[in-house]
Amino acid sequence: MKRLPAGFLPSVALDTGSDVPMYDQLSEWFRRAIIDGRLRPGQRVPSTRSLAKELDISRIPVLSAYEQLFAEGYLETFIGAGTCVARAIPDEVLKPANAAEYASPKHASQSAPRKVAQRVDGLRTPPQTWANNQGAFRVGLPAIDHFPITSWSKFINRHARRPPIEQMVYGDPMGHLPLREAIAEYLGTVRTVRCDASQILITTGSQQGLQICAHALVEPNDPVWMEDPGYPGVRQAFRTVGADIVPVPVDEEGLNVDEGIRRNSHARAVYISPSHQFPLGMTMSAARRLQLLNWAARTGAWIIEDDYDSEYRFGGRPLASLQGMDTDDRVIYVGTFSKVMFPALRVGYIVVPKDLVPAFAAVRDAFDTFSSTLYQAALADFIREGQFARHIRRMRMLYLERRTALLEAIDQYADNRLEVVGTHAGMQLAALLPPGVDDVALSIKVAKKGVSARPLSLCYAEPPKRGGVILGYSGANVHEIREGTRKLVACL
Ligand SMILES: Cc1ncc(COP(=O)(O)O)c(C=O)c1O
């Protein structure tokens, strides 16, 4: 059995007015804590000196209690490890002796769920068995095994070893200034976003970015256009503020603005992913972009531009952002490092119009104050010293190779039963299924074979006529892609 590190000692209750001697109370407390599992075998316990100090009593009763517990076999000592709960206490003895006393409260076993806030219903998602698998074809998963972890660790170590005091105290809700400067420069150069560092708000990813937008801009029951099909996380983000979500269909030119105006001409905000629509992958046409910007300028609506993976374009010039075309400061640009670094980093950003900065900073402050400074500082150097650009260049080549492998595999195995859309950019494509095939059932079936294929229908407001699957290719190697395609087609 492994020796456990010193855990937290549950609080020791001693009755100073009791007739029971102090050492007896203490040894009895330890016995019960060990038997009912609050102290685990191998767990370190405090030294007699520090326990006496903590309890503000003389060391003598502590010494006597420990001696007694040693004699009974509840405690043991190890050279260099101090005093631990004995590791030889059989597990069956460790079942809660006083289960009733420590069991979960009565309501945990009651069958009827207790009432929670009504908005939670709008946030629940169906069980997603396809999300249990990594590799082929997990959506949004970068090539983790190609991430330059050695060099990244050096940046982390640089900032972890001797952090300046500003990195260890409460900071600016807008984020770490050097990172904001690096992002502003990167976005200006690569994405034609017009901004300076004062407008960059660091978030814990796009999802938080969307939620901050919702809280800063939308009142309960305000209509908000959302692409249909679209990214389900957006629905969740806007439901937390009670927005009235208006699904607006997309076609080959992106969001259909005329249809949006027809459905609700006075929406408060619109969510779009114009560079690479999620999940169908088209790019919003220039004409539609101008139409949307004009409509927003006329009505005073906000445009929330989600630019989640546009670093990866295969062929053609990188597209300018919508924010860069906006002359009326109506676009709020949301970005993330989840795809270009790794999702667990939880760093993203919002480019906020200058006059809205105080409002957005206040929302961020109310949410969770600000993001961890260690990752922010390391990331700022990673960008400034060129590693970030190098990594993106390498991944662009790799994802191109993986996308080609997927298209070839579909060509070889699917016998024209899958219609592929959205292949020119990003990290995933969508494959439409033959009419009548239930995509959720298919996804569940292939998940059992270790393949993740996210059902397209769950991205729609209403079940679509034709189902499909979203296939992420960036996180799987060529062999996994071929095998995954073979299994997917076999399940059709
Ligand atoms: C379109 C889109 N927007 C936002 C996100 C959220 O990304 P993050 O990890 O930055 O919260 C995702 C994640 O897959 C996405 O696909």
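In the block above lies the structure referred to throughout.
Residues numbered from 1 in each chain as written. Predicted model: local features only at pLDDT ≥ 70, side-chain atom pairs only at ≥ 80, totals over all residues. Heavy atoms only, no water.

A. Here's a closer look at the overall build of the protein. Looking only at helices and strands, the protein features 15 helices and 14 strands. Dimensions of the protein, computed from the C-alpha atoms along their principal axes, are close to 85 × 55 × 50 Å. Across the 492 residues that make up the protein, the buried fraction comes to 50%. Partitioning the intrachain contacts of the protein with sequence separation of at least 6 by distance along the chain shows that 73% fall at a separation of at least 24. When the accessible area of the protein is evaluated, it comes to approximately 23,700 Å², of which 52% is carbon and sulfur surface. Looking at charge distribution, the protein has the averaged site of its 57 positive side-chain charges lying 4 Å from that of its 53 negative ones. (Helix = DSSP H or I, 4+ residues; strand = E, 2+ residues; numbered from the N terminus. Buried < 20%, exposed > 50% of the residue type's maximum accessible area, 1.4 Å probe, protein only. Contact = heavy atoms within 4.5 Å. Areas by Shrake-Rupley, 256 points an atom, 1.4 Å probe, with all protein chains shown as cover. Lys, Arg positive; Asp, Glu negative; His and termini not counted. Charge placed at Lys NZ, Arg CZ, Asp CG, Glu CD.)

B. Broad picture of the side chain of arginine 364. You can see arginine 364 is positioned in helix H11 (residues 357–368). Arginine 364 has contacts with Pro173, Leu201, Ile202, Thr203, Thr204, Gln208, Ile212, Thr369, Phe370 and Ser371, leaving out every residue within four places of it along the chain.

C. A look at the side chain of aspartate 222. Summarising the element assignment, aspartate 222 is placed in the loop between helix H7 (206–217) and strand S4 (223–228). Given the relative accessible area of 15%, aspartate 222 is considered buried. Side-chain polar atoms of aspartate 222 contact the side chain of arginine 268, separated by 3.2 Å. Once residues lying within four places of it in the same chain are set aside, the contact partners of aspartate 222 are Leu217, Ala243, Asp244 and Arg268. (Polar contact = N/O pair within 3.5 Å; in protein donor to acceptor, adjacent residues only side chain to side chain.)

D. View of the nonpolar core. Counting 58 residues, the largest nonpolar core has Trp152, Phe337, Met341, Leu379 and Leu471 as the members making the most contacts within it. Of all the elements, helix H13 (residues 387–413) adds the most residues to this core, at eight residues. Leave out the neighbours within four places in its chain, and methionine 341 touches Pro142, Phe147, Trp152, Leu379, Phe382 and Phe388. If you look at the next biggest cluster of nonpolar residues, it comprises 28 residues, including Ile212, Tyr271, Ile332 and Val352. (Core = buried A, V, L, I, M, F, W, Y, C linked by side-chain atoms within 4.5 Å.)

E. Looking closely at the sheet that holds strand S11 (residues 419–421). If you walk across this open sheet you meet the four strands as S11-S12-S14-S13, and the pairing is antiparallel. Where the open sheet ends on each side, the last strands, each with one partner, are S11 and strand S13 (454–455). Docked against the sheet, H13 engages S11, strand S12 (428–432) and strand S14 (468–472), running at close to 15° with respect to S12. (Pairing = 2+ DSSP bridges. Axes fitted to C-alpha atoms, helices over the stretch in contact; angles between N-to-C directions.)

F. Quick peek at the pairing of strand S5 (residues 244–251). Judged from the six bridges that link them, S4 and S5 form a sheet pairing that is parallel. Bridging across to S5, glutamate 227 finds its partner in valine 248. Of the strand pairs in this sheet, S5 and strand S6 (residues 254–255) are connected by two bridges, and their pairing is antiparallel. Bridging from a neighbouring strand, aspartate 251 pairs with glycine 254 of S6. Taking the residues between adjacent antiparallel strands as the criterion, S5 and S6 are bridged by two residues.

G. Structural view of the packing of helix H1 (residues 22–35) against helix H3 (residues 59–72). Across the interface, H1 lies against H3 with an axial gap of 8 Å and an inter-helix angle of 45°. As the angle between them shows, H1 and H3 are arranged oblique. Seen from above, H1 lies across H3 with right-handed handedness. Within the contact between the two elements, H1 uses Met22, Tyr23, Leu26, Ser27, Phe30 and Arg31 and H3 uses Pro61, Val62, Ser64, Ala65, Tyr66, Gln68, Leu69 and Glu72. By residue class, the composition of the contact of H1 with H3 is nine nonpolar, three polar and two charged. (Parallel < 35°, antiparallel > 145°, perpendicular 65-115°, else oblique. Left-handed = near helix turned anticlockwise from the far one by under 90°. Nonpolar A, V, L, I, M, F, W, Y, C, P; charged D, E, K, R; others polar.)

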